[in-house]
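So you can see what is in the structure, the chains are spelled out below.
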Amino acid sequence: MTRYDLKGVPKCENLSPKDRLPPLVSKDGLTDYPKKGDDNPIAFKYSEYALFPLEIALAIAREYPKEWCKGGNHFGNHAFDYYIQAMKAIDAGRPIPPNSRRWMKKREQYIARHRKDFRLAGIIAMIKWAGFVDGPKGRGKGAINGSSLDFMVKVIRGEIK
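Report follows, based on the coordinates. (Residues numbered from 1 in each chain as written. Predicted model: local features only at pLDDT ≥ 70, side-chain atom pairs only at ≥ 80, totals over all residues. Heavy atoms only, no water.)

Concerning the overall build of the protein
Piece 1. Looking only at helices and strands, the protein has six helices and zero strands in total.
Piece 2. Ordered by position from the N terminus, the helices and strands of the protein form the series α-α-α-α-α-α.
Piece 3. The principal-axis extents of the C-alpha atoms in the protein amount to approximately 50 × 35 × 30 Å.
Piece 4. In the protein, of all internal contacts separated by at least 6 residues, the share reaching a separation of at least 24 is 65%.
Piece 5. Roughly 8,600 Å² of accessible area belongs to the protein as shown, and the carbon and sulfur atoms make up 53% of that amount.
Piece 6. Mean positive and mean negative side-chain charge positions of the protein (30 and 18 charges, respectively) differ by 1 Å. (Helix = DSSP H or I, 4+ residues; strand = E, 2+ residues; numbered from the N terminus. Contact = heavy atoms within 4.5 Å. Areas by Shrake-Rupley, 256 points an atom, 1.4 Å probe, with all protein chains shown as cover. Lys, Arg positive; Asp, Glu negative; His and termini not counted. Charge placed at Lys NZ, Arg CZ, Asp CG, Glu CD.)

As structure tokens, then:
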């Protein structure tokens, strides 16, 4: 199984079309990344938020398919596709596709707005956006070894019981 094997990942219903993505460059000529007025290259290493591990996201989707489709169905399914496209490009040493870079800009805004959504649907949506919720101790920007990942998995497993 390759890193991007989508076998066993459920196809969730999209409740809205692909949303508008921000332009790569503003009218001032800035990237506005990661924040408006910034001019960093659009790359995960400049993101303000930790990147949810793709392998764990795919494992959650396969292990909990019913729960996977309970969140992120407005734009999260599209976001997850952009995340996979970006990671494939990075791993192959190719430039990240323009729409994936545009999604990366929108990801900063999404995570900033939704990182305190502790319901199952919000947690699944955040995973599809490749981010973390704040978790019980406010570690949303958090690394893997923080409490956010454990908290998110615990909520998903709790839904099963």
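Thoughts on the packing of helix α3 (residues 76–92) against helix α4 (residues 98–114)
Piece 1. Where α3 meets α4, the axes come as close as 9 Å, and the angle between the chain directions of the two elements is 120°. By the angle between their directions, the pair α3 and α4 is classed as oblique. Seen from above, α3 lies across α4 with left-handed handedness. Two secondary-structure elements touch here, α3 through Ala-79, Tyr-82, Tyr-83, Gln-85 and Ala-86 and α4 through Asn-99, Ser-100 and Trp-103.
Piece 2. The class makeup of the residues in the contact of α3 with α4 is five nonpolar, three polar and no charged. (Axes fitted to C-alpha atoms, helices over the stretch in contact; angles between N-to-C directions. Parallel < 35°, antiparallel > 145°, perpendicular 65-115°, else oblique. Left-handed = near helix turned anticlockwise from the far one by under 90°. Nonpolar A, V, L, I, M, F, W, Y, C, P; charged D, E, K, R; others polar.)

As for the pattern of salt bridges
Proximity of charged atoms lets side chains of opposite charge pair with each other.
Piece 1. All chains considered together, the criterion is met by five salt bridges.
Piece 2. Residues Arg-115 and Asp-134 are paired through a salt bridge, measuring 3.0 Å at the closest nitrogen-oxygen approach. In this pair, Arg-115 sits in the loop between α4 and α5 (120–128) while Asp-134 sits in the loop between α5 and α6 (147–160), placing the two residues 19 residues apart along the sequence.
Piece 3. Note that Lys-116 and Asp-134 form a salt bridge whose closest N and O atoms lie 2.8 Å from each other. Here Asp-134 lies in the loop between α5 and α6 and Lys-116 lies in the loop between α4 and α5, a separation of 18 residues in the sequence.
Piece 4. The class of Asp-134 is buried, set by a relative accessible area of 3%. (Salt bridge = Lys/Arg side-chain N within 4 Å of Asp/Glu carboxyl O. Buried < 20%, exposed > 50% of the residue type's maximum accessible area, 1.4 Å probe, protein only.)

Observations concerning the packing of aromatic side chains
Piece 1. Counted under the stated rule, the structure contains eleven aromatic pairs.
Piece 2. Each residue in the set Phe-44, Trp-68, Phe-75, Phe-80, Tyr-82, Tyr-83, Trp-103, Tyr-110 and Trp-129 is aromatic and connected to the rest through ring pairs, giving one cluster. (Phe/Tyr/Trp six-rings, centres within 6.5 Å; stacked < 30°, edge-to-face > 60°.)

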